[in-house]
Amino acid sequence: MADQYNTNEEKILRDSHTKEIDLINRDPKQINEDVVKVDFEDVIAEPDGTHSMDGVWKASYTTFTVSKYWCYRVLSAVFGIPVALLWGFCFACISFCHIWAVMPCIKSYLIETQCLSRIYSLCIHTFCDPLFEALGKIFSSVRVALRKEV
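Just so you know, these numbers come straight off a predicted model, no measurement behind them. (Residues numbered from 1 in each chain as written. Predicted model: local features only at pLDDT ≥ 70, side-chain atom pairs only at ≥ 80, totals over all residues. Heavy atoms only, no water.)

**Some thoughts on the overall build of the protein chain**
Regarding its fold elements, the protein chain presents three helices and zero strands. Across the protein chain, helices and strands are ordered from the amino to the carboxyl terminus as α-α-α. Residues counted as buried form 1% of the 150 residues belonging to the protein chain. As displayed, the protein chain offers around 14,700 Å² of accessible surface, 66% of which is attributable to carbon and sulfur atoms. (Helix = DSSP H or I, 4+ residues; strand = E, 2+ residues; numbered from the N terminus. Buried < 20%, exposed > 50% of the residue type's maximum accessible area, 1.4 Å probe, protein only. Areas by Shrake-Rupley, 256 points an atom, 1.4 Å probe, with all protein chains shown as cover.)

Laid out in structure tokens, this is it:
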């Protein structure tokens, strides 16, 4: 029974690290929806009355599009894995600090302040509640009437 439990646990652990990734939709949460969509028309535009020759315009479009495509591919091929390693290390450090330092400090602070909040609440209920209740009874009989005199 214990062996079956360990096998299932190892399979779940292995699956979380080797899950299949979507090679078609590479931004499923659309985190770069507005940022990186830059086309030729977003960067270069000729207003009416200022047009280059059609051949130059077509060659510029092709040059821009192809150079952007291949530059990105070369940069991602050369730097993609090292940058992914750095970001993985960075997020691992952030997770480590959050799990082992931040949350224990917050929980410790909440435990300590819980005692103080009970004392504070007791003082407020002991001294302020009767005062405000008395003031409420005093001012509850006050009536305000507005008259418009002509």
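Alright, that's what it looks like, and here's the rest.
**Quick look at unusual backbone geometry**
For Gln30, which is not glycine, the phi dihedral falls at a positive 50 degrees. Along the chain, the position of Gln30 falls in the loop between helix 1 (2-17) and helix 2 (40-43). Given a relative accessible area of 46%, Gln30 falls into the partly exposed group.

**Re the packing of aromatic side chains**
Counted by the stated rule, this structure contains six aromatic pairs. Summarising the aromatic geometry, the rings of Trp87 and Phe91 are spaced 5.8 Å apart at their centres and angled 35 degrees between planes, so their arrangement reads as tilted. A residue pair is termed a helical-turn pair when its members lie 3 or 4 positions apart in one helix, as Trp87 and Phe91 do in helix 3 (residues 54-139) at four residues. Classification of Trp87 as partly exposed rests on a relative accessible area of 49%. Each residue in the set Phe40, Trp57, Tyr61 and Phe64 is aromatic and connected to the rest through ring pairs, giving one cluster. The ring of Trp70 carries the charged tip of Arg73 above its face, separated from the ring centre by 5.6 Å. (Phe/Tyr/Trp six-rings, centres within 6.5 Å; stacked < 30°, edge-to-face > 60°. Lys NZ or Arg CZ within 6 Å of the ring centre and 35° of its normal.)

**Looking at a nonpolar patch on the surface**
A cluster of nonpolar side chains, namely Val66, Tyr69, Trp70, Val74, Leu75, Val78, Phe79, Val83, Trp87, Phe91 and Ile94, defines an oily patch on the protein surface of about 1,100 Å² accessible area. Tracing the backbone shows Val78 in helix 3. Of the residues examined, Val78 reaches a relative accessible area of 48% and is grouped as partly exposed. (Patch = residues over 30% accessible without salt bridge, like charges linked within 9 Å, V, L, I, M, F, W, Y side chains within 5 Å. Salt bridge = Lys/Arg side-chain N within 4 Å of Asp/Glu carboxyl O.)

**Concerning helix 3**
Helix length check: helix 3 (86 residues) gives 85 Å between terminal C-alpha atoms against 128 Å at 1.5 Å per residue, more than 12% under. Along helix 3, the sharpest change in direction is near 50 degrees and occurs at Phe79; proline Pro82 comes one to four residues later. (Expected span 1.5 Å × (residues − 1). Bend = angle between axes of the 7 residues up to and from the residue.)

**Considering the confidence of the model for the protein chain**
Predicted coordinates in areas of low pLDDT are best not read in detail. Per-residue pLDDT for the protein chain has a mean of 86; in total, 88% of the residues score no lower than 70. The secondary-structure element of the protein chain with the lowest mean pLDDT is helix 1, recorded at 58, while helix 3 shows the highest, at 94. (pLDDT = per-residue confidence, 0-100.)

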